[in-house]
Amino acid sequence: MKIGLDAIAFSTSKYFLKLSELAAHRGVDYAKYCVGIGQKEMSVFPPKEDIITLAVSAAEKVVKQTDAEKIDMLIFATESSVDLSKSAGIYVHRFLKLKNECCVFDVKQACYSMTAALRIAKNHVQCNPHSKVLVVGSDIVKYSPGSSGEATQGGSAVAAIVSADPRIMEIENFSGIYTSDVMDFWRPINCNEALFDGKLSAYNYLKSLGICFDQYMQKSRLTLHKIDAACFHAPFCKMAQKAGRQIFAEEYAHKNVDDSLIYNSLIGNSCSSSLFLCLISLLDNCAKNLSGKRVGLFSYGSGSVAEYFSGIISDSYRDMLTPRENASALKNREAVSFETYEYFCSNPAPTLNQKYETSGAVYLEKIENYQRIYKNLEENFS
Ligand code: HMG
């Protein structure tokens, strides 16, 4: 039975900061950002938007494309969770009005978490071929202002439906996986911003890639030219490009890695969803017809767990995508000033008079007695 992605979509903030603006305020040469790390803009998030509101707006798009009655599992992947106990997925379940006979839970392992969620989803469908699983990866990435990670902040949610006979991509059964205990990036409880050792993280990313890829090639018995296109976890675009060159060397240009990075270069790092944002960018922007082609995917989550796996693109994939809507959603975002960015960074509480909009109809109205109160503009209930 073929199992994989039957629908996929993303959402990000309606606001972004130009990295030229950040560079000017930090006294950094803009070329370091746009050439050195390959980033042009980063999504920034107003007080009423969080990983849950983002997740709902991405998930709505894929739930519309499927028989929602068949969704009996929802897995929420995140490393910027808003609660240590309650699953963020329960809010998504409520706003999407999914049936109660549905297993909902969160998974965490830094940026690897959405890949872990897909593994669980695939196994669930293997045992229950008529089931559909909603998988959402949603993260808002924050580093301390002025740190070397600042220009790589960002965030988005990617939602996918995993089912049998997928209309976008079958996930193949073999993969290479590597876990090692490395303190390269972490976010202690009560810290809003991630802590990191940038050089160690880049080293461990590339080391893990080498190990996973060798294992993948041994298990699959494929040769390099059997991989037609490739996506790599993109904490910043240059990292993914280095990864692509490490694996494909002079074949790099034929693997369409640069098509996969168009959205990430404008959104920044979105951790759990970053790799799948690369996949959407590849499928939306690659001029070649990818039907029947194999896409290699490298997932890396600091700490660290990494996996190299692959998928075969379905014949109908183009019918399931919305490249024009995606491009215009990014084009229509509003550029904020550096002062507004600093205001967003100060984690202000949401208030009624804030003018900033969320990516969809659901917004965080307030936090009261440590409870998050959400509203849906369309339904006006909390
Ligand atoms: P840095 O140390 O300030 O930068 O921060 P740098 O000095 O290494 O420069 C970066 C690149 O820009 C270099 O290119 C420079 O030469 C170039 P490279 O040598 O790497 O090819 N450069 C310039 N180019 C043109 N004109 C100039 C110029 N100046 C310099 N004027 C660093 C970079 C990645 C360390 C920083 O952004 C950082 O710490 N980021 C956070 C951690 C991170 O993203 N790590 C990536 C791997 S770990 C990962 O992917 C997991 C993660 O997503 C989290 C999770 O799993 O949850 C982060």
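Residues numbered from 1 in each chain as written. Predicted model: local features only at pLDDT ≥ 70, side-chain atom pairs only at ≥ 80, totals over all residues. Heavy atoms only, no water.

Caption draft 1: Examining the environment of Ser 148 more closely. Note on placement: Ser 148 falls in the loop between strand E6 (132-141) and strand E7 (154-164). Along the chain, Ser 148 and Arg 187 lie 39 residues apart, while their C-alpha atoms are 16 Å from each other. (Helix = DSSP H or I, 4+ residues; strand = E, 2+ residues; numbered from the N terminus.)

Caption draft 2: Local environment of the packing of helix H3 (residues 51-63) against helix H4 (residues 88-95). At their nearest, the axes of H3 and H4 sit 9 Å apart, and the two run at 45 degrees to each other. With respect to H4, the element H3 is oriented oblique. Pair H3 / H4 crosses with right-handed handedness. Taken together, the residues of H4 that come into contact with H3 (itself represented by Ile 51, Ile 52, Ala 55, Val 56 and Ala 59) are Ala 88, Tyr 91, Val 92 and Phe 95. Per-class residue counts for the contact of H3 with H4 are 9 nonpolar, no polar and no charged. (Axes fitted to C-alpha atoms, helices over the stretch in contact; angles between N-to-C directions. Parallel < 35°, antiparallel > 145°, perpendicular 65-115°, else oblique. Left-handed = near helix turned anticlockwise from the far one by under 90°. Contact = heavy atoms within 4.5 Å. Nonpolar A, V, L, I, M, F, W, Y, C, P; charged D, E, K, R; others polar.)

Caption draft 3: Layout of the side chain of Asp 139. Within the fold, Asp 139 resides in strand E6. Arg 187 is the oppositely charged side chain nearest to the buried, salt-bridge-free Asp 139, at an N-O distance of 6.8 Å. Separated by 2.9 Å, the side chain of Asp 139 and the backbone nitrogen of Glu 79 make a polar contact. Engagement of the side chain of Asp 139 in a polar contact is seen with the side chain of Ser 80, the distance being 2.4 Å. In contact with Asp 139, other than residues within four places in its own chain, are Ile 51, Leu 54, Thr 78, Glu 79, Ser 80, Gly 154, Gly 155, Ser 156, Ser 270, Cys 271 and Ser 272. (Buried < 20%, exposed > 50% of the residue type's maximum accessible area, 1.4 Å probe, protein only. Lys, Arg positive; Asp, Glu negative; His and termini not counted. Salt bridge = Lys/Arg side-chain N within 4 Å of Asp/Glu carboxyl O. Polar contact = N/O pair within 3.5 Å; in protein donor to acceptor, adjacent residues only side chain to side chain.)

Caption draft 4: Structural view of the pairing of strand E3 (residues 41-44). Residue alternation in E3 divides its side chains into two sets, Glu 41 and Ser 43 and Met 42 and Val 44, and both sets are buried. The pairing of strand E2 (residues 15-18) with E3 spans 4 bridges and is classified as antiparallel. Residue pairing in the sheet places Leu 17 in a bridge with Met 42 of E3. (Pairing = 2+ DSSP bridges.)

Caption draft 5: Main features of the site of the ligand. Lys 32, Glu 79, Cys 111, Lys 199 and Lys 242 are the nearest of the 28 residues found near the ligand. A distance of 2.5 Å separates an oxygen atom of the ligand from a polar side-chain atom of Glu 79. Cys 111 places a main-chain nitrogen or oxygen 3.2 Å from an oxygen atom of the ligand. Calculation on the ligand without its partners gives an accessible area of 1,100 Å², and the protein chains cover 74% of this total. At the level of elements, helix H2 (30-37), helix H6 (198-220), helix H7 (237-248) and strand E13 (294-301) are the ones that each hand at least two residues to the shell around the ligand. (Near = heavy atom within 4 Å. Areas by Shrake-Rupley, 256 points an atom, 1.4 Å probe, with all protein chains shown as cover.)

Caption draft 6: Looking closely at the side chain of Glu 172. Among the secondary structure elements, Glu 172 is positioned in the loop between strand E8 (169-171) and strand E9 (176-179). Residue Glu 172 is classed as buried on the basis of its relative accessible area, which comes to 12%. There is a polar contact of 2.7 Å between the side chain of Glu 172 and the side chain of Arg 294. Of the polar contacts made by the side chain of Glu 172, one reaches the side chain of Ser 310; its length is 2.6 Å. For Glu 172, the residues in contact, after removing those within four places along its chain, are Lys 122, Tyr 216, Arg 294, Ser 310, Gly 311 and Ile 312.

Caption draft 7: The arrangement of the packing of aromatic side chains in detail. What the rule picks out here adds up to 18 aromatic pairs. With 4.8 Å between their ring centres and 85 degrees between their planes, Phe 213 and Tyr 308 make a pair best called edge-to-face. With a gap of 95 residues between them, Phe 213 in helix H6 and Tyr 308 in strand E14 (residues 305-313) connect regions that are remote in the sequence. Each of the two residues, Phe 213 as well as Tyr 308, counts as buried. Ring pairing ties together the aromatic residues Phe 174, Phe 213, Tyr 216, Phe 232, Phe 248 and Tyr 308, which thus form one cluster. Over the ring of Phe 10 we find Lys 61, and its NZ or CZ is 6.0 Å from the ring centre. The ring of Tyr 252 has Arg 245 sitting right over it, with the charged end atom 4.3 Å from the ring centre. (Phe/Tyr/Trp six-rings, centres within 6.5 Å; stacked < 30°, edge-to-face > 60°. Lys NZ or Arg CZ within 6 Å of the ring centre and 35° of its normal.)

Caption draft 8: Representation of the state of the cysteines within the structure. Enumeration over the complete set of coordinates arrives at 0 disulfides. For Cys 103, which is in no disulfide, the shortest distance to another cysteine sulfur is to Cys 102 and amounts to 7.2 Å. (Disulfide = S-S within 2.5 Å.)

Don't take any of this as a statement about function, it's just geometry.
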